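Chain residues, written in single-letter form:
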Amino acid sequence: MIFSDPDYPNIVLSFTYRGFRLDLDQSDHDGLPMFSVWANHDWGSAVAVPGVVSRSEAIYKAKRWVDQRLKDPATTTRE
């Protein structure tokens with residue numbers, strides 16, 4: 001399948017947080033800005049935030065994503 005209009009990443013901000021490089025991508029969806037965040041580490045990459053409408057919300061959720069992955073399993077409680 002060939003896409004006539006592929007969506008290339010438009011990284012508008014990159015920063016390091018607790019050993020992860022977080023890349024903030026800005027795109028447009030039906031005229032609204034959409035933000036997603038890629039989390040990159042030596043082990044690979046993952047989409048930490050698939051899509052939100054606020055840059056600050058994307059950054060907040062990406063940091064929470066990293067914090068959750070680095071949390072010590074011995075200190076977490078199960079509900």
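Heads up: these notes are all about the structure in this document. This is a predicted model, so every value here is computed, not measured. In this convention, every chain numbers its residues from 1, walking through the sequence in written order. For a predicted model such as this one, the threshold for reporting local features is a pLDDT of at least 70, and the threshold for listing and counting side-chain atom pairs is 80 or more; totals across whole chains, interfaces and linings nevertheless cover every residue. As a convention, hydrogens and water are excluded, and side-chain values are obtained from all of the structure's heavy atoms.

**Regarding the nonpolar core**
- The nonpolar core is taken to be a set of buried Ala, Val, Leu, Ile, Met, Phe, Trp, Tyr and Cys residues, with the residues joined through side-chain atoms within 4.5 Å. Summary of the burial criterion: residues with accessible area below 20% of their type's maximum are buried, those above 50% are exposed, and those between are partly exposed, where the area comes from a 1.4 Å probe applied to protein chains only. In terms of nonpolar packing, the biggest core is built from 13 residues, with Phe 20, Leu 22, Val 37, Ala 39, Val 49, Ala 58 and Trp 65 touching the most fellow members.
- By definition, any uninterrupted DSSP run of H or I lasting at least four residues is a helix, any uninterrupted run of E lasting at least two residues is a strand, and each is numbered from the N terminus. The set of elements that each furnish at least two residues to this core consists of strand E2 (20-29), strand E3 (32-41), strand E4 (44-52) and helix H1 (55-70).

**Concerning the packing of aromatic side chains**
- In this scheme Phe, Tyr and Trp rings, the latter by its six-membered ring, pair at centre separations within 6.5 Å, and the angle between planes marks the pair as stacked below 30 degrees, edge-to-face above 60, and tilted otherwise. Throughout the structure, instances matching the rule amount to two aromatic pairs.
- Plain terms: the ring middles of Phe 20 and Trp 43 are 6.0 Å apart, the flat faces sit at 75° to each other, and that makes the pair edge-to-face. Of the two residues, Phe 20 sits in strand E2 while Trp 43 sits in the loop between E3 and E4, which places them 23 residues apart along the sequence.
- The exposure class assigned to Phe 20 is buried, which follows from its relative accessible area of 6%.
- Each ring, one from Phe 20 and one from Trp 65, has its centre 6.0 Å from the other, and the planes form 90°; the classification is edge-to-face. Residue Phe 20 is found in strand E2, and its partner Trp 65 is found in helix H1; the two are separated by 45 residues along the sequence. An identical accessibility class is assigned to Phe 20 and Trp 65; each is buried.

**A word on H1**
- End to end, H1 covers 23 Å across 16 residues, agreeing with the expected 22 Å (1.5 Å per residue, within 8%).
- All buried positions along H1 are accounted for by Ala 58, Ala 62, Trp 65 and Val 66. The arc enclosing the buried residues of H1, seen along the axis, measures out at 95°, which places them on a common side.
- Where H1 is buried, its residues meet strand E1 (11-17), E2, E3 and E4. To estimate how far a helix should reach, multiply one less than its number of residues by 1.5 Å. Arc definition: directions from the helix axis to the C-beta atoms. Residues are treated as being in contact if the distance between any of their heavy atoms lies within 4.5 Å.

**Examining the environment of Tyr 8**
- Position of Tyr 8 among the secondary structure elements: in the segment before E1.
- Distance from Tyr 8 to Ser 27, taken between C-alpha atoms, is 8.9 Å for residues 19 residues apart in sequence.

**Concerning the pairing of E4**
- Inspection of the sheet shows E3 paired to E4 by six bridges, in the antiparallel sense. By the bridge assignment for E4, His 41 is matched with Gly 44.
- Two strands make a pair as long as DSSP finds a minimum of two bridges between them. Hairpin connection, E3 to E4: the antiparallel pair is bridged by two residues.

**Some thoughts on the sheet that holds E3**
- Reading across the sheet, the four strands line up as E1-E2-E3-E4 and stay open at both edges, with antiparallel pairing between neighbours. What marks the edges here is a single partner per strand, and that holds for E1 and E4. When the angles between neighbouring strand axes are averaged without regard to direction, this sheet yields 20°.
- Axis definition: a line fitted to C-alpha atoms, limited for helices to the stretch in contact. Angles are taken between N-to-C directions and run from 0 to 180 degrees. In this fold H1 packs onto E1, E2, E3 and E4, with an angle of close to 140° to the strand it touches most, E4.

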